[in-house]
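So the chains spell out like this:
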Amino acid sequence: MPRTTETRKTRGSKVHPVILSGGVGTRLWPLSRANLPKQLLPLVGEETLLQATVRRFVDRTRFHAPMIIANDDHRFVIAEQLRQMAIDDAAIVLEPVGRNTAPAAAAAALILAEEDPEAVMMVLPSDHMIGDSAAFRTCLDHAAQAAAAGHLLTFGVVPDRPSTEYGYIRRGDALGGEAEAAHAVDRFVEKPDTKTAAAFVAAGDYLWNSGMFLFAVGAFLDEFAALQPEMLAACRRAVAARRRDLDFIRLDADAFAAAPGNSIDYAVMEKTGRAAVVPARFGWSDVGAWDALWRLADKDAQGNVLIGDVTAVDVQDSYI
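Residues numbered from 1 in each chain as written. Predicted model: local features only at pLDDT ≥ 70, side-chain atom pairs only at ≥ 80, totals over all residues. Heavy atoms only, no water.

A. Structural detail: the packing of helix α4 (residues 101-115) against helix α7 (residues 217-227). Axis separation between α4 and α7 bottoms out at 10 Å; the angle between their running directions is 130 degrees. Of the possible angle classes, the one that applies to α4 and α7 is oblique. Crossing handedness for the pair α4 and α7: left-handed. Contacts between α4 and α7 pair Ala102, Ala105, Ala106, Ala109, Leu110, Leu112 and Ala113 from the former with Val217, Phe220, Leu221 and Phe224 from the latter. (Axes fitted to C-alpha atoms, helices over the stretch in contact; angles between N-to-C directions. Helix = DSSP H or I, 4+ residues; strand = E, 2+ residues; numbered from the N terminus. Parallel < 35°, antiparallel > 145°, perpendicular 65-115°, else oblique. Left-handed = near helix turned anticlockwise from the far one by under 90°. Contact = heavy atoms within 4.5 Å.)

Right, here's the structure in full:
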C-alpha cells in the first residue's frame, strides 16, 4: 500500500495515456492488413480509430501528451495521422518485435518513471470505439481514485448481450471509501461458450474485459518485478539502451526480443492481489469483427449498412 503522501499526489495527478498500436491486420481482413491494420483506418466516422483514441486525451489540463507504442512498419503512417490532428507533443515508441501487451506496458512505465516516479498511466488499445466520452471520463476518474489507494485498475464493460467474443471479469465487493465505484476483482474468465455467456449476463456481476487499464507507475512496476522479473529485466535493458531516430524512440532490439511475450492480463492482472475493476457504460466496442461494424453503423429500413455504389435486392441485416 502506498504511503499517504504518495496517495495524495496520485489522486491529483494528470494521467499519462499509453496507446498500444501494434497489430498485424488479421482482424477485418481484407480491409485491414499487415501494412494498414484496423486502427489506422476510418472504420467508424471520418477519423481513424487511432485518431479517435488520441482525440479522447487532447485536454492537457487532464492528460499529459500521449505515448504511442507502435509497430516499426507503421511509424510514418502514425506520425502523419497525428500531424493531421495537429498533435505535435506525442511520443512514438517503436517495438522492434511484437511481444504482446505486457512488455509494451512495462517499457512505457519505465520511461515514464524516469521523469516522474509518481506518474499515473492509462494503457489502452488504439483500435477500440467509445461512444460516450463524458461517461468514459467519469470512469477514468473513479479508476484514478482507486489507483491512489494502490490498486491496479481494469475497466469492465457492463454487457448488453451474451457474447462469446470477449473474456469476462467477475466483480467482487466494492472497495469502499473514495474508491467505492471500483470493485475488487473476484476472477478473470476466458471467452465462454454461448450458454455460459448467457448465465454470466443473467447473474449481473460479470463484465466484459475491455483490455484497458489504469495504475500508478510505481505500483505497477512493483507488481511486475514480483510477478515477472525476467520480463521486466529485459524491458529495463531495452529502455536503457533506447535511441532517438528522427521523431521516434527505438527500444533496443536485442534486449526487447529477450522479453517473454505475454498480455497484461496473464502476466500481472490475473496474479496480483491489487486488481480492481470499474464497471463501465460508455458505448464500448473493440471493433473486432464485421458484425461489430454492422452494429455500430447507421442502417436502412431493411437493417442494411450500404457503403459505396450498392444495389441490394431482397437483402436484410447485412454490411455491404
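B. View of the pairing of strand β12 (residues 275-280). For β12, the tally of buried residues reaches 6 of 6 residues, placing the bulk of the element in the interior. What you see with β12 is no split at all: Ala275, Val277 and Pro279 on one side and Ala276, Val278 and Ala280 on the other are buried throughout. Bridge count between strand β6 (residues 152-157) and β12: 6 bridges; the pairing is parallel. Looking at the pairing, Leu152 lines up with Ala275 of β12. Inspection of the sheet shows strand β8 (residues 183-189) paired to β12 by 2 bridges, in the antiparallel sense. Within the sheet, the bridge partner assigned to His183 lies in β12 and is Val277. (Buried < 20%, exposed > 50% of the residue type's maximum accessible area, 1.4 Å probe, protein only. Pairing = 2+ DSSP bridges.)

C. The environment of Leu20, seen in detail. The topology assignment puts Leu20 in strand β1 (residues 15-21). Remark: the alpha-carbon pair of Leu20 and Ala102, spanning 82 residues in sequence, is separated by 11 Å. Not counting residues within four places of it along the chain, the set of residues in contact with Leu20 comprises Ile69, Thr101, Ala104, Val123, Leu124, Pro125 and Ser126.

D. Quick look at helix α3 (residues 75-84). Turning to α3, its buried residues number three or more, namely Arg75, Ile78, Gln81 and Leu82. Relative to the axis of α3, the buried residues are bounded by an arc of 130 degrees and lie together on one face. Across from the buried face of α3, at angles greater than 90 degrees, the exposed residues are Arg83 and Gln84. Where the residues of α3 are buried, they touch β1, α2 (49-55), β2 (67-71), β3 (91-95) and β11 (248-250). (Arc of directions from axis to C-beta.)

E. The pattern of salt bridges, seen in detail. This structure, assessed with the given rule, holds 13 salt bridges. One salt bridge connects Lys38 with Asp127, and the closest N-O pair in it is separated by 3.1 Å. Note that Lys38 is positioned in the loop between β1 and α2 and Asp127 in the loop between β4 (120-125) and β5 (129-130), a separation of 89 residues in sequence. The residues Lys38 and Asp127 share a single accessibility class, namely buried. Between Arg75 and Asp72 there is a salt bridge, and its shortest N-O distance comes to 3.1 Å. Accessibility assignment for this pair places Arg75 and Asp72 in one class, buried. (Salt bridge = Lys/Arg side-chain N within 4 Å of Asp/Glu carboxyl O.)

F. Representation of the nonpolar core. Val18, Met67, Ile69, Met121, Val123, Phe220 and Phe224 are the most contacted members of the largest nonpolar core, which has 48 residues in total. In terms of residues, this core owes the most to one element, α4, which gives 10 residues. Residues in contact with Val123, not counting those within four places in the same chain, are Val18, Leu20, Ala105, Gly211, Met212, Phe213, Phe215 and Ile264. Of all hydrophobic cores here, the second largest spans 46 residues; its members include Met122, Val157, Ala179 and Ala182. (Core = buried A, V, L, I, M, F, W, Y, C linked by side-chain atoms within 4.5 Å.)

G. Representation of the packing of α7 against helix α8 (residues 229-240) in the model. Where α7 meets α8, the axes come as close as 6 Å, and the angle between the chain directions of the two elements is 120 degrees. When the interaxial angle is binned, α7 and α8 end up oblique. Judged by residue contacts, Leu221, Phe224, Ala225, Ala226 and Leu227 of α7 engage Pro229, Met231 and Leu232 from α8. Residues belonging to the contact of α7 with α8 are distributed by class as follows: 8 nonpolar, no polar and no charged. (Nonpolar A, V, L, I, M, F, W, Y, C, P; charged D, E, K, R; others polar.)

H. Spatial organisation of the pairing of β4. Among the 6 residues of β4, 6 are classified as buried, and the element is accordingly described as predominantly covered. Here β4 shows a buried face lined by Val120, Met122 and Leu124 and a second buried face lined by Met121, Val123 and Pro125. Here β1 runs beside β4; their pairing, made up of 6 bridges, is parallel. By the bridge assignment for β4, Val15 is matched with Val120. Here β4 runs beside strand β9 (residues 206-216); their pairing, made up of 4 bridges, is antiparallel. Each bridged residue has a counterpart across the sheet, and for Met122 the counterpart in β9 is Leu214.

I. Quick peek at unusual backbone geometry. We note that Leu246 has phi near 55 degrees; this positive angle belongs to a residue other than glycine. Positionally, Leu246 belongs in the loop between β10 (243-245) and β11. Positive phi is not limited to glycine here, since Asp314 has a value of about 55 degrees. Summarising the element assignment, Asp314 is placed in the segment after α11 (290-296).

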